Amino acid sequence: LQRASNITLKNMNFVSANSSNDGTPSVTDNSNANGAIHAANVTGLALDKLIFTGTIVHNAINLYKVTTFSLANSTITDPGSGTGTLPSVEGGIHAIDLGGTCSITNTTIASPSSRCVLITQLANSTPLTLNISGSTFKDSFDGGVQGNDNLEINCNNSTVSTLNITNCNFLR
């Protein structure tokens, strides 16, 4: 999805949805990363009741300059291959410069090759309010060793972000 608005995906299964390990994503540029869902320069992306399983190279959900994003009632299991140029950015959700009101609700992200969720704010022009509730983030890995970040948010260059987390589980 590129340069789109008001997109809704609901009641979908993504089984081995992306298996190509080309592209070289980094912490500051995921525009060429692979994702079962890849959204760039999108306003209004609602994902509900999605299931991601099987081979998921790089990320299940890859977001680049997305405003007003929501993920609800979904499951992401075993995302990221951990074998790319920078495996530490592979996992459930990798987002750069989110804006507006975004949310992750009643969702489980488990056993990523690196992080369950990685968000990096570099120069978002729209301040971010991220609401996370009723979700579970578990069993993150780092180079095959359990214990990387289940949720990592980096705010750089005076970006404005508000994070609200309620009733969530962060396990192992």
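This text follows the structure it describes.
Treat the numbers as computed from the prediction; the structure is a model and nothing was measured.

Thresholds, definitions, all that
- Residues numbered from 1 in each chain as written.
- Predicted model: local features only at pLDDT ≥ 70, side-chain atom pairs only at ≥ 80, totals over all residues.
- Heavy atoms only, no water.
- Core = buried A, V, L, I, M, F, W, Y, C linked by side-chain atoms within 4.5 Å.
- Buried < 20%, exposed > 50% of the residue type's maximum accessible area, 1.4 Å probe, protein only.
- Helix = DSSP H or I, 4+ residues; strand = E, 2+ residues; numbered from the N terminus.
- Contact = heavy atoms within 4.5 Å.
- Phe/Tyr/Trp six-rings, centres within 6.5 Å; stacked < 30°, edge-to-face > 60°.
- Salt bridge = Lys/Arg side-chain N within 4 Å of Asp/Glu carboxyl O.
- Pairing = 2+ DSSP bridges.
- Axes fitted to C-alpha atoms, helices over the stretch in contact; angles between N-to-C directions.
- 1 Å grid on protein atoms, 1.4 Å probe; cavity = no way out; pocket = protein on both sides within 12 Å on 5 of 7 lines; lining within 4 Å.
- Points joined across faces, edges and corners; volume = space filled by probe spheres on them.
- Nonpolar A, V, L, I, M, F, W, Y, C, P; charged D, E, K, R; others polar.

Here we look at the nonpolar core
Consideration 1: Ranked by size, the top nonpolar core spans 31 residues in total, and within it Phe-52, Ile-61, Leu-63, Phe-69, Ile-93 and Leu-98 carry the most contacts.
Consideration 2: Breaking this core down by element, the ones donating at least two residues are β2 (35–40), β3 (43–53), β4 (59–64), β5 (67–72), β7 (91–96), β8 (100–105), β10 (115–121) and β11 (128–133).
Consideration 3: With 4 residues, the single largest contributor to this core is β3.
Consideration 4: In contact with Ile-93, other than residues within four places in its own chain, are Ile-61, Leu-63, Leu-71, Ile-76, Ile-104, Ile-109, Cys-116, Val-117 and Leu-118.

Digging into the packing of aromatic side chains
Consideration 1: In this structure the tally under the stated criterion is 2 aromatic pairs.
Consideration 2: Centroid distance Phe-137 to Phe-170: 5.2 Å. Interplanar angle 15°. Geometry classified as stacked. Of the two residues, Phe-137 sits in strand β12 (residues 136–138) while Phe-170 sits in strand β17 (residues 169–171), which places them 33 residues apart along the sequence.
Consideration 3: Classification of Phe-170 by relative accessible area gives partly exposed; the value is 39%.

Overview of the pattern of salt bridges
Consideration 1: This structure, assessed with the given rule, holds 2 salt bridges.
Consideration 2: We note a salt bridge from Lys-10 to Asp-48, for which the minimum N-O separation is 3.6 Å. Of the two residues, Lys-10 sits in strand β1 (residues 5–15) while Asp-48 sits in strand β3, which places them 38 residues apart along the sequence.
Consideration 3: On the accessibility criterion, Lys-10 (44% relative accessible area) is partly exposed.
Consideration 4: Judged by relative accessible area, Asp-48 falls into the buried class, the value being 17%.
Consideration 5: Where Arg-115 meets Glu-152, a salt bridge forms, and the shortest distance between an N and an O atom there is 2.5 Å. Here Arg-115 is found in strand β10, whereas its partner Glu-152 is found in strand β15 (residues 151–155), with 37 residues between them in sequence.
Consideration 6: Judged by its relative accessible area of 13%, Arg-115 is buried.

So, the sheet that holds β4
Hydrogen bonds between backbone atoms are what pair the strands of a sheet, whose relative direction is either parallel or antiparallel.
Consideration 1: The 5 strands lie next to each other as β2-β4-β7-β10-β15, forming an open sheet whose pairing is parallel. Looking at the sheet topology across the chains shown, the edges are occupied by β2 and β15. Sheet twist, expressed as the average angle between the axes of neighbouring strands with direction ignored, equals 5°.
Consideration 2: Pairing geometry for β4 and β7, over 5 bridges, is parallel. Within β7, the residue paired with Ile-61 across the bridge is Ile-93.

With respect to empty space enclosed by the protein
It is the rolling of a water-molecule-sized probe over the atoms that shows where space remains empty.
Consideration 1: This model, assessed by the stated rule, comprises 1 cavity of 30 Å³ or more.
Consideration 2: Of the volumes computed, that of the largest cavity is approximately 40 Å³.
Consideration 3: Around the largest cavity, the lining residues are Leu-63, Phe-69, Ile-93, Leu-98, Cys-102, Ile-104, Ile-119 and Leu-130.
Consideration 4: Here the residues of the lining of the largest cavity sort into 8 nonpolar, no polar and no charged.

Thoughts on the environment of Val-160
Consideration 1: Along the chain, the position of Val-160 falls in the loop between β15 and β16 (161–166).
Consideration 2: Val-160 sits 39 residues away from Gln-121 along the chain, and the two C-alpha atoms are 8.5 Å apart.
Consideration 3: Other than its neighbours up to four places away in sequence, Val-160 contacts Asn-124, Pro-127 and Leu-128.

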